[in-house]
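These are the residues of each chain, in order.
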Amino acid sequence: MLSVGFISLFFHNKGENMPRIPNDTIITAVRKHMPNLTDADKKDMFWDCHGQWIIKNKWMQRLAALAGVEVTEITCLHSTSDSAALVIQVKTATGGTIMTTGEASPGNSKNAYFHAMAEKRAFDRAALKALNLQGFVYTEEDAEQIKEGHKKTSKEDAKKGVD
């Protein structure tokens, strides 16, 4: 099975103490595919990154599988020892298709396995679109920039069109 990585569920708390589990809107979206989700599951599923909810990898993989998200095609746009960019296509449970990209380089990844990171990002983004969570949900790989407080793009990435 394709490794999905973590995702971050977007939740603004306007400076208040963050609750121990995400708000009802987020849980409702997850419960659509995991109806028997317990409070213990919710506490294990998420962690907080500067006001952003992060969903653990094992839970994201389960959620995507239960939602019927299936990879149908992966195309490598570019892959070298120092960066990679891929396009992935997934099939949704309703038979629709979604295509999106993933990229990785030293400017946006602490890991040295760029092709695998690009694949994770592409799948996570496609799965988020398939689950109608795009804009509310972010991958952990993208959350690296949340931790830093801004999106990092190296000069080399900007030249290659990788961000």
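Going by the structure above, here's the rest.
These notes cover the structure that comes with them. (Residues numbered from 1 in each chain as written. Predicted model: local features only at pLDDT ≥ 70, side-chain atom pairs only at ≥ 80, totals over all residues. Heavy atoms only, no water.)

1. A few points about the sheet that holds strand 5 (residues 83–91)
Rule in force here: Two strands form a pair only when DSSP identifies at least two bridges running between them. Note on conventions: DSSP H or I runs of at least 4 residues are helices, E runs of at least 2 residues are strands, and numbering of each starts at the N terminus. Lines fitted to C-alpha atoms define the axes here, with helix axes fitted over just the stretch in contact, and angles between the N-to-C directions of these axes take values from 0 to 180 degrees. We call two residues in contact when some of their heavy atoms are within 4.5 Å.
The strand order across the open sheet built from 3 strands is 4-5-6, with neighbouring strands paired in antiparallel fashion. Because the sheet does not close on itself, it has two edges, and the strands there are strand 4 (70–80) and strand 6 (97–104). Put simply, the sheet's adjacent strands are angled 15 degrees from each other on average, direction ignored. With 9 bridges joining them, strand 4 and strand 5 adopt antiparallel strand pairing. The residue of strand 5 that forms the bridge with Glu-73 is Gln-89. In this fold helix 4 (residues 114–130) packs onto strand 4, strand 5 and strand 6, with an angle of close to 145 degrees to the strand it touches most, strand 6.

2. Describing the packing of aromatic side chains
Counted only if it meets this: A pair of aromatic rings is counted whenever rings of Phe, Tyr or Trp (Trp by its six-membered ring) have centres within 6.5 Å, and the orientation is called stacked for planes under 30 degrees apart, edge-to-face for over 60 and tilted otherwise. In this scheme, Lys NZ or Arg CZ marks a charge over a ring once it lies within 6 Å of the ring centre and within 35 degrees of the ring normal.
Taken as a whole and assessed by the stated rule, the structure comprises 0 aromatic pairs. The residue whose ring lies beneath Arg-62 is Trp-59, and the NZ or CZ to ring-centre distance is 4.6 Å.

3. Details of the nonpolar core
As a reminder, the rule being used: Residues belong to a common nonpolar core when they are buried Ala, Val, Leu, Ile, Met, Phe, Trp, Tyr or Cys residues joined through side-chain atoms within 4.5 Å. Note on exposure labels: buried denotes an accessible area under 20% of the residue type's maximum, exposed denotes more than 50%, and partly exposed covers the range between, all computed with a 1.4 Å probe on protein chains only.
Counting residues in each nonpolar core, the largest one holds 25 residues, and the members touching the most others are Val-30, Met-34, Leu-37, Met-45, Phe-46, Val-69 and Phe-123. When residues of this core are traced back to their parent elements, those giving at least two are helix 1 (24–31), strand 3 (52–55), helix 3 (57–66), strand 5 and helix 4. With 5 residues, the top contributor of residues to this core is helix 4. Apart from the residues within four sequence positions on either side, Leu-37 is in contact with Ile-27, Val-30, Arg-31, Lys-42, Met-45 and Trp-59. Judged by nonpolar contacts, the second largest core, of 6 residues, contains Ala-84, Leu-86, Ala-104 and Met-117.

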